[in-house]
Structures are given as C-alpha cells and as structure tokens.
Amino acid sequence: MRALLSDLRFACRRLGTAPGFTTATITMLALGMALSLLMFSVLNNVILAGLPFPGGDRVVAVRSENVERQASGGLTPAEALRLAEGDAPFEQFGYYGWGGLTVFDDAARPREITIVNVGPGFFSALGIQPLHGRPFGNADYEAEAAVTVLSHAEWQRQFGGDPAAIGRRIDTSGGPIEVVGVMPPEFAMPSADVAAWRPYPRSAFMTDQAWHWNARFLSGVALLPEGRDISDALESISAGLREQFRLEDGWRLRTMPLLELIIGKSGGVLWGAFAMALLVLLIGCANVAILVDARQVAQRHEQALVQALGASRLRVFRVLLLEISLLGLAAAVFGLLLAWAGIDFLRDLAQGSVPRAGAITIAPSVLGFALLISLTLPFLAAAAGSLRLHGEAAEVMRSGGKGMTGRSKRQKRALPALGVALSTISLVAASALLLSLVRLQQVNPGFRSDNVHALQMFRDAAPAEAWQFGEQLLERLQALPGVEEVAITSVAPLSLIGGFSVDVKLPESDQPEAYQVGVRRVSPGYLDVLDIPMLAGRGIETGDRAGSEAVAVVNRELARRLFGDGPALNRVLELPLGNGPRVPYRVVGVMEDIRNDGLRAPPAPELLLSYARDPWIGMTFLVRSSKSLPGLDQQIADSLWQLDPREGITRQFTLGGELATQLRSARFFARTIGAFAGSALLLAALGVYAVAALEQQRRIGEFGLRLAIGASPLALGTRILRDSTKTVAAGVALGLFGAWAALRLLSAQLFGLEHGHASVIALGVALLWIAAFVAALLPAWRAARVDPMQALRWQ
C-alpha cells in the first residue's frame, strides 16, 4: 500500500509537470463525457426508466388499425364496451376519453381543468391505486355519479395536501362533485396535464346510434396475460363487431406498448442523439490517444533513466496506469459538473419537444454510467496510443532522446482518420436536421396564422344553448377595437381539443369508406378568418341553422377520395351523427386543403358542418385582428366573463404560436445534435492538427536537408497538407457508411429529405474538409519556414 501511495504521488507530480498535456486530456474527455451524460440522462428518464406501472412491459395501449388504408385510430364505444366485458383476452382493460371541467375555488376567476373520463378497469389495468381514498366502484359507473379522483398536483392546489380532503366537495360548473381519491405524484396518465379523473357512465353510450360503432374517440389501456398470444382473440372480437354492426372489413384491434405510444417517434431520435454524443466522446478519446502516444515517445529517455536507476518495468508501467486513471477520474468529475450545470437548460429546451421531459434529471444510474466511462475510456484511449515501455533501458539510453519514433506512419494516421470518420457521421446528421428544419419552416399550412387569437372552452349546457351563448360572445368579440373577423369552430387548426372523426358513406354504396373523416363544426366567417380559399360552391352561411337542410363543405382531399375527378357539389354524404340512423348531408362547397394534423402530416380528409345546425358543447372562438394588438387575449377573456363570470377557459393561444410549437421538436434536435456535431468537428480538427504538427516536428531534420539542397518551401508545406488530406479522405470514406445509418436512425425527425440525402452528405463533408484544411495549415506553414542550419544542427 505504501508503494502504491508513493507511485500515486509520483504520478500526480508527473502530471503537474506537463500542464498542457494534462489540461488538454481532461478538457477533451470532460467535454465528451458531459455531452454523453446529458443525453444519457434524457434517454434514461424518457425511455430506459420505463413507466411507473407494476405491470411493466405488459401494460399496453389498445388501438384500432386499418392496414389497407395504412391508418390507425382510437376505439369506438362499441369496441371499448366489448373489450370491457369479462371474456376479453386481457387480465385488465380500461378505456378513457378526454374532457374539461370548470372549477370555482378561491381563484379570482373560474378555472378550466383537464379531466379524463375513465371506464371500469382503467386504474386496475395500470396497477396503480390512489394514494388516499379509493378508486371508482361499480356503482359509480351505473349513473352519472358526482365523484372524482384528483391528481396529486390538483389536490395540493385545492386542499394544500390535506388528507381530510377525501369526502369533501368541489364546486364546479356541473354542480358539486365529491373527492373520493387522490393519485400518487408519479401518476400522470395519460398526460401530466390531467387534473382529475371521473367515471364514464355506461349510459353515455347509446348503442342504437350509428356513432356508437363508427366514431373513434376513445383510448384503451390493458394488462396483457403472461405468456399468452391474444392476437386470435382480438381478431375474433373484431370480426364479431363487424358482423353485428355490418361494418366494412378494414379495422382491426391491435395492441402496442404503452411507453411506445407515449414516446412516439422520438425514441429512435433520442437513441440517435445519444449515439452522436458518444461519437464526440470517442473522438476525444482518439485525440487523447494521439497525445498519449506523443508523450510516451517524448518521455522514453526519462523512462529508461528511471529504470537504469533501479525502478522495475512493472513499477514504471504502474505509474503510467495511475496517470491515466487520474486523468479519467478528473475528466469524469469535470464532466459531471458540466452536465449538472447544463441539465436544467437541457430540460427547459426539451419541454414540449420530448415526451416526459419534466422528469429529466441526474439520476443515480447516470452517476454509475459516468463512473463506467471514466474507468473504461481513458484506458481504451491509452491502448490506442503508445502506452508501453520502449525497449530495454540501455538500448534507449544509447539511442539518445532526439527524434520521434513512436508508431508507424500508418498507425499514426489511423487515430485522426477515426476522428474524422466519427465527425463525418455527426456533421451529416446535423446537416440533415438543419435542412429538415429549414424545409419544415417553409411548409404552407394552408391557413392564415398571423394575428389570429383562439379561446377554447366547453360550455356545460345543452348544445342548442351553447350555440346561443356563442352567438352572443361573437357579437362582443366583433366589437373589440382592431378586430377584423371572428368565428366559432368546434376544433381549431393544429389542436386536438374538440377533435372528432367518423366514417362517411355514399348512398349508392353498401359499406362506409375505410377511413376516418375529420368533422369540424364552424360558424359563417370561419373560412374568412383563416383565409382558406373556396374551390367550388359556397361555405357555411347564416341560413344554415336548426331546421334547415343538412349541408357540408368538403376539402379537396376528401372530394378526391370520394369522387375522383367527378363533381362534388350536390352529392350526398351519409354521416353517423345525431340520434338514429345516418344523416344525409348535401355537399355545397369544396375548400382548399389545410394541414390540421401538423406541418409534417399531409392534408387529411375533412368536412365542415354548420355549428348553428349541429351545435356542440366544445367551442373555439377565433379572432383575427388587423395588426398585433398587445392585451387582446385579455380583452377576449374579459368579454367572456362579462357575459358569464362563472365560465372557465380551457386554453388561450395564437395560431402563430401553435405553428411555432410544431417546429419546437425539430429545433430541439437540430440544436442538440448541431452542438454535438460542432464539438465533434472541433475535436476532429484538433486531431488532424496534432498529427500534422507531430509529423512536422518529427521531420524537421529531413525538411532542413531538403531545403539545404534546394527544395521549395512551398513543396514542403504542400507535403504536410497532402498527408493530412489522405487522412481526411480515409476518415470521410469510412464515415459515409455510418452517415447512412445515422440518417435512418433520425428519419422520424427528418422532413422533406426523401430524395435529398446526397446534398446533406455533401454539406457535412464540405464542412469537415474546410475545418481539416484550416487545422493543417499551421503545421504546413511551419514546415515551409524551417531554418535549414538550425534543422541540421537539431538532427
């Protein structure tokens, strides 16, 4: 132990005498470690930690899928109720649907909270019981029981975390409701925005109405049985429902891991980002290997002298290992400090871009990952360098300390070539994300978004009364200073709140179409507010009210699917709306497509109905002003509360802000991987510089001799540049294979690059060539300016 402590002190002194080597090694490793730890924190909290449900991977989402149409959707009430029966192939099954509720508490204004209406088995399928109180019982589902289970956050807000809140009542727009339970703080299903859960009464589903087996607005969660394949049982249920309700043969029940549904396409991109961070770390290790190699060659005379004075080769080698260990631990400490300092910034940057971003933190598993790489990678870097003793002591002493022998020329080029290859992958990935972001920003959504404000709410009243309230509020909003156009819609563009889709059937067809159509109830002026062009016919007008003919406006995509190149005007569509059989709607207009499902998604089939004739409790007021008016949102809210002080607001936003939200995920990954690529480029350039500089120093005598016999200084500088070019070319050729794999891994975040991979690769390679050329210029300039006499004396 005493010898080990002595060697440890000696290793510290040796590192202290080489501040340049020590600082460069720690800095490069710490930078790579910090980036890797940050991305591992994201990956760990979002994916690797899993969901906080006892069932683990057996907890699945239940959805419907139409393979022929390459479409997927939620469950119809008929499907949900059938799966909730006792003979379903799940251990537990529950369904849910979104809703809202206005709460009157101590706040100055009523609050609209997000609630989820759940069916029996919802909490059991997830395996989570309330922290306080009880879950819903069978009696709560038989009628519209006025009970609720609160989220932990809402419980804290309403009752300050008082356990005695169980049994107390909350004043809401639907009357008082009793608190029967409080969920644990980690329970956030299906979203962290949910404030409460309420029972879905069985009477809410009218089995004799067409929408009961056609409208897909419910979601399902289930606990799979262990070791049992349920695909045949689900197919049997699907076939039974198709036969019972005479449905077309397209939709099938499917399951998918719940975590996969929550994360969506972000999973592959997060793995890709983590891989990019590891590439930066590997490039840093390659550069450290170059430094270790150069230092070992430079100190071979010192090592031989120590051995000549009596130190064993084992002890000298042990000191070298201790140096590497100290460097790795120091880099890990600084890397952790950098990651700790950057985790809040990364978490804020990821909000709205990465699912479950609020849970990102430096967990104990992240510390274990840091310890692992701090102990492993420095030794890998050292092994790639010349971590060895150079021959016998007497032989080294006789050879002197001049010159640099080290590794072979080919071996010296391998490490910077590896760095260039890894940097090529990072730069191509960053270029692809950057170009994807640019192209996404250029997408035309099909509607006007500037200076368009939206207020979403749910009117707790009969649909006809809700429309009367809406008309009154429209008059008040139209009278606000600077307002040009106003309208009501059941669901705003780019919003999921209030969204509703059904199938559509033509009278001449025996079966409905095998795809869902978005239904949007609107008031006159909706198309004018958003500047959506009409292609044929007319829009929804004032005369389209209760008692009038049922009319619809279809978009270009729906007209194309239904009628091809034929005329759409005056054709009849049968929709599963209202009480009883399908209702016929006459097409009175065709409008241009808009991207309601997001900038990445192509326009989907949709139709507009008259809000006055088919009213609904969910409504979004759209207000377009002539210019940007500070305080307009507050004026819109005040207009609502002047009409009804007890009405709550679900959400207020601008369409311009919604479009910016559509770009948030692309910006996050472009910035994150762009930062990784910039770091990789810097480290790769440093590697090219280090090898070029070492080569220039090693060949000073040769260059001096060449200059003395008449060689051109330009030729010597060009020789260094040519050698560096060969290194870069080899690295680029190797990196292109990895670049193709990286593009496939990041494909979920790429947009508009289906046929543009060549330009992306060219951009990344061009950036790398420029950086490598600049890095090799200084050693080349030094080679051209060698003093022949001084170089010959050195030799």
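As the structure is a computational prediction, the values presented were derived from the model and not from experiment.

K.L.:
Please explain the overall build of the protein as it appears in this structure.
P.N.:
Along its length, the protein carries 25 helices and 22 strands. Expressed as a percentage of its 795 residues, the buried residues of the protein come to 53%. Long-range pairs, those at least 24 residues apart, make up 80% of the contacts in the protein with a sequence separation of at least 6. Accessible surface for the protein amounts to roughly 34500 Å². Of this, 57% is attributable to carbon and sulfur atoms.

K.L.:
So what exactly am I meant to see when it comes to the pairing of strand 7 (residues 169-172) here?
P.N.:
Successive residues of a regular strand alternate their side chains across the two faces of the sheet. The side-chain alternation of strand 7 yields one buried face, formed by I170 and T172, and one unburied face, formed by R169 and D171. The pairing of strand 3 (residues 92-104) with strand 7 spans two bridges and is antiparallel. Bridge pairing links V103 to T172 in strand 7. Judged from the two bridges that link them, strand 7 and strand 8 (residues 177-182) form a sheet pairing that is antiparallel. Note that in strand 8 the partner of I170 across the bridge is I177.

K.L.:
Which parts of the structure should I look at to understand the packing of aromatic side chains?
P.N.:
We describe a pair of aromatic rings using the distance from one ring centre to the other and the angle between the two ring planes. Per the counting criterion, the structure on display carries 14 aromatic pairs. Centre to centre, the rings of Y95 and Y200 are 6.2 Å apart; their planes meet at 45°, and the pair counts as tilted. Of this pair, Y95 sits in strand 3 while Y200 sits in the loop between strand 9 (196-199) and helix 7 (211-214), and the two are 105 residues apart along the sequence. Its relative accessible area of 1% is what places Y95 among the buried residues. Given the relative accessible area of 13%, Y200 is considered buried. Here the aromatic residues F53, Y96, F122, F123, F136, Y141, F187 and W197 are joined through ring pairs into a cluster of three or more.

K.L.:
What's the story with the pattern of salt bridges in this structure? I'm lost.
P.N.:
In the structure shown here, the tally under the stated rule is 28 salt bridges. Ionic pairing is found between R252 and E235, a salt bridge with its closest N-O pair at 3.1 Å. With R252 in strand 11 (residues 251-257) and E235 in helix 8 (residues 231-245), the pair connects residues that are 17 residues apart, well separated along the chain. E235 sits in the partly exposed class, given a relative accessible area of 29%. Salt-bridge contacts for R347 lead to D344; the nearest nitrogen and oxygen are separated by 2.3 Å. Of this pair, R347 and D344 both sit in helix 12 (residues 313-350), three residues apart, which is roughly one turn of that helix.

K.L.:
What is the right way to look at the environment of Y200 in this model?
P.N.:
Sequence-wise, Y200 and D140 are 60 residues apart; in three dimensions their C-alpha atoms are separated by 8.6 Å. Discounting residues that sit within four places of it in the chain, Y200 has contacts with Y95, G97, N117, V118, G119, Y141, F205, F217 and L218.

K.L.:
How do you make sense of helix 16 (residues 463-478) when you look at a structure like this?
P.N.:
Given 3.6 residues per turn, any residue in an α-helix points the same way as the ones three and four places further on. Over its 16 residues, helix 16 runs 22 Å from end to end, which matches the ideal 22 Å to within 8%, given 1.5 Å per residue. Among all positions of helix 16, only A466, W467, F469, G470, L473, L474 and L477 are buried. Projected down its long axis, helix 16 shows its buried positions confined to an angular sector of 160°, all on one face. At its buried positions, helix 16 is contacted by strand 12 (452-458), strand 13 (483-489), strand 21 (618-625) and helix 19 (632-643).

K.L.:
Can you help me understand the side chain of S41 in this one?
P.N.:
With respect to the element layout, S41 can be found in helix 2 (residues 19-48). Not counting residues within four places of it along the chain, the set of residues in contact with S41 comprises I343, I360, T361, I362 and V366.

K.L.:
Where do I start with the nonpolar core in this structure?
P.N.:
Side chains of a nonpolar character, in soluble globular proteins, are inclined to be buried together. Judged by nonpolar contacts, the single largest core of 120 residues is most densely connected at L270, V354, Y526 and L530. Ranked by residue count, the leading element in this core is helix 2, at 15 residues. Not counting the four nearest positions on each side in its chain, V354 is found in contact with V42, V46, L270, F668 and F669. By size, the runner-up hydrophobic cluster in this structure holds 25 residues, among which are V59, V149, F187 and L223.

K.L.:
Please clarify how helix 18 (residues 556-563) should be interpreted in this entry.
P.N.:
Looking at helix 18, one finds that the buried residues are E557, L558, A559, L562 and F563. On its buried side, helix 18 packs onto strand 15 (517-522), strand 17 (551-555), strand 18 (572-575), strand 19 (583-591) and strand 20 (606-610). Backbone geometry just downstream of helix 18 places G564 in the positive-phi region, at approximately 60°.

Calculation rules
- Residues numbered from 1 in each chain as written.
- Predicted model: local features only at pLDDT ≥ 70, side-chain atom pairs only at ≥ 80, totals over all residues.
- Heavy atoms only, no water.
- Helix = DSSP H or I, 4+ residues; strand = E, 2+ residues; numbered from the N terminus.
- Buried < 20%, exposed > 50% of the residue type's maximum accessible area, 1.4 Å probe, protein only.
- Contact = heavy atoms within 4.5 Å.
- Areas by Shrake-Rupley, 256 points an atom, 1.4 Å probe, with all protein chains shown as cover.
- Pairing = 2+ DSSP bridges.
- Phe/Tyr/Trp six-rings, centres within 6.5 Å; stacked < 30°, edge-to-face > 60°.
- Salt bridge = Lys/Arg side-chain N within 4 Å of Asp/Glu carboxyl O.
- Expected span 1.5 Å × (residues − 1).
- Arc of directions from axis to C-beta.
- Core = buried A, V, L, I, M, F, W, Y, C linked by side-chain atoms within 4.5 Å.

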